Amino acid sequence: MDTAKTQTYDYTEPVLSAKGQRMRDILTDYVVMVSHRLPDDITAKLQELQKVEVDPVQKLFYDTMMENQMLANKLKRPSCQDTGALQFFVKCGAKFPLLGELNDILKDAVYRATKKAPLRTNALQSFDEFNTGLNIGDGIPSVFLQVDGNGSDIQMYVYMAGGGCTLPGEAQVLMPGEGYEGVVRFVMDRMTSYGVNACPPLLVGVGIGTSVETAAFNSKMALMRRVDSQNSNANAAKLEHLLEDGINNIGLGPQGIGGKKSVYGVNVVNTARHPSDLGVAVSTGCWSHRRGLIKFDEDLNYELPYNKGVEL
Ligand code: SF4
């Protein structure tokens, strides 16, 4: 294959309205912040797990992660060298005023955040096999948009999907007779085979739906949920606890060196399914789980529910 090392990605900065530029600038600063500051729930869980391990080597790993985070916040440098591939999961009302500019705003925010932070560049153009050097490319950032109701607000999860923690991801449609025992077998197979590659402790997202794409999407939304939350369905919440116990018993420990715990937690997101199909998917987030949530009103006043007290 011709790797064409001299190829470049043709990017022209978009012409945005004044309001669009303001949203782009806020999101640029937000992506930079997400790159170095872990969300509140993950920080709290990291501190909790640090106290659980008593072995000196395991403690050293947790101490190093905590020091890494202290320095990342202080120096405003990325928590991990792997920027990941940027993903946005967006829900907005039909009357949000910048809906038509949204794709350009998000792409340009990633482009600018990459220069501002700076962030390692990860977007590799498939088949042409060259890195754009910009962290944007065809389909990167990924934008999953859901228009919900007639309101004028917007909320979006921002996720830096790291290479190692994306690796265990898989989706499959099970015969319905395999039941939720089949779901457990599927998740445990992935975690015992690939969990160690994903820089534990992990946040494990399990999606249940009809088909591979609905299950996969649900598993990603499970990673967006707070680690200290639980599924509102009692049976799904029970599955979360059972899987958490099971994966902890693998004993991955921090960075896979072994230990009492493997995970921050397990989140299940489920939707209704066809009776003949039991779609299941697993996605994993790593110890440096850089995901954020930002909510705007139509005047671009914003809230950062996952980063209390932070202003951009
Ligand atoms: S899995 Fe996470 S912590 Fe490990 S290299 Fe990738 S982004 Fe960094």
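Residues numbered from 1 in each chain as written. Predicted model: local features only at pLDDT ≥ 70, side-chain atom pairs only at ≥ 80, totals over all residues. Heavy atoms only, no water.

The name given to the protein in an unreviewed UniProt entry is L(+)-tartrate dehydratase subunit alpha, and the organism recorded there is Secundilactobacillus hailunensis. Looking at the Sequence similarities (unreviewed entry) heading of the UniProt record, one finds this comment for the protein: "Belongs to the class-I fumarase family." Turning to the protein, the UniProt record has this under Subunit (unreviewed entry): "Tetramer of two alpha and two beta subunits." (UniProt positions renumbered as here; feature names shortened; annotations may be inferred.)

A. Main features of the overall build of the protein. Across its full length, the protein holds eight helices and eleven strands. Taken along the three principal axes of its C-alpha coordinates, the protein extends 50 × 50 × 50 Å. Long-range pairs, those at least 24 residues apart, make up 79% of the contacts in the protein with a sequence separation of at least 6. Counting every atom, the protein has about 14,400 Å² of accessible surface; 51% of that belongs to carbon and sulfur. Separation between the mean location of the 31 positive side-chain charges and that of the 36 negative ones in the protein comes to 5 Å. (Helix = DSSP H or I, 4+ residues; strand = E, 2+ residues; numbered from the N terminus. Contact = heavy atoms within 4.5 Å. Areas by Shrake-Rupley, 256 points an atom, 1.4 Å probe, with all protein chains shown as cover. Lys, Arg positive; Asp, Glu negative; His and termini not counted. Charge placed at Lys NZ, Arg CZ, Asp CG, Glu CD.)

B. How the structure looks around the domain arrangement of the protein. Under the domain assignment used here, the protein contains domain 1 (18-162 + 289-303) and domain 2 (164-285). Each of domain 1 and domain 2 was reduced to a C-alpha centroid, and the two centroids are 22 Å apart. Taken together, the contacts link 23 residues of domain 1 with 26 residues of domain 2. Roughly 2,200 Å² of surface becomes buried between domain 1 and domain 2 when both sides are summed, with 69% attributable to carbon and sulfur atoms. Taken as a group, D41, F89 and H289 account for 20% of the area that domain 1 buries against domain 2, more than any other trio of residues on that side. Our enumeration of links across domain 1 and domain 2 arrives at ten residue pairs in polar contact (both at pLDDT 80 or more). Of all the secondary structure elements, the ones that give two or more residues to the side of domain 1 that touches domain 2 are helix 2 (40-52), helix 3 (56-75), strand 1 (85-92) and strand 5 (154-161). (Domains from an automatic or database assignment. Buried area = accessible area lost by both parts, 1.4 Å probe. Polar contact = N/O pair within 3.5 Å; in protein donor to acceptor, adjacent residues only side chain to side chain.)

C. Representation of the packing of aromatic side chains. Using the criterion set out here, one finds six aromatic pairs in the structure. When the ring of Y11 is compared with that of Y111, the centres are 4.8 Å apart and the planes differ by 55°; the resulting orientation is tilted. Note that Y11 is positioned in the segment before helix 1 (18-36) and Y111 in helix 4 (residues 102-116), a separation of 100 residues in sequence. Per residue, the accessibility class of Y11 equals that of Y111, and both read buried. For the ring pair F89 and F217, a centre distance of 6.0 Å and an interplane angle of 55° mean the geometry is tilted. (Phe/Tyr/Trp six-rings, centres within 6.5 Å; stacked < 30°, edge-to-face > 60°. Buried < 20%, exposed > 50% of the residue type's maximum accessible area, 1.4 Å probe, protein only.)

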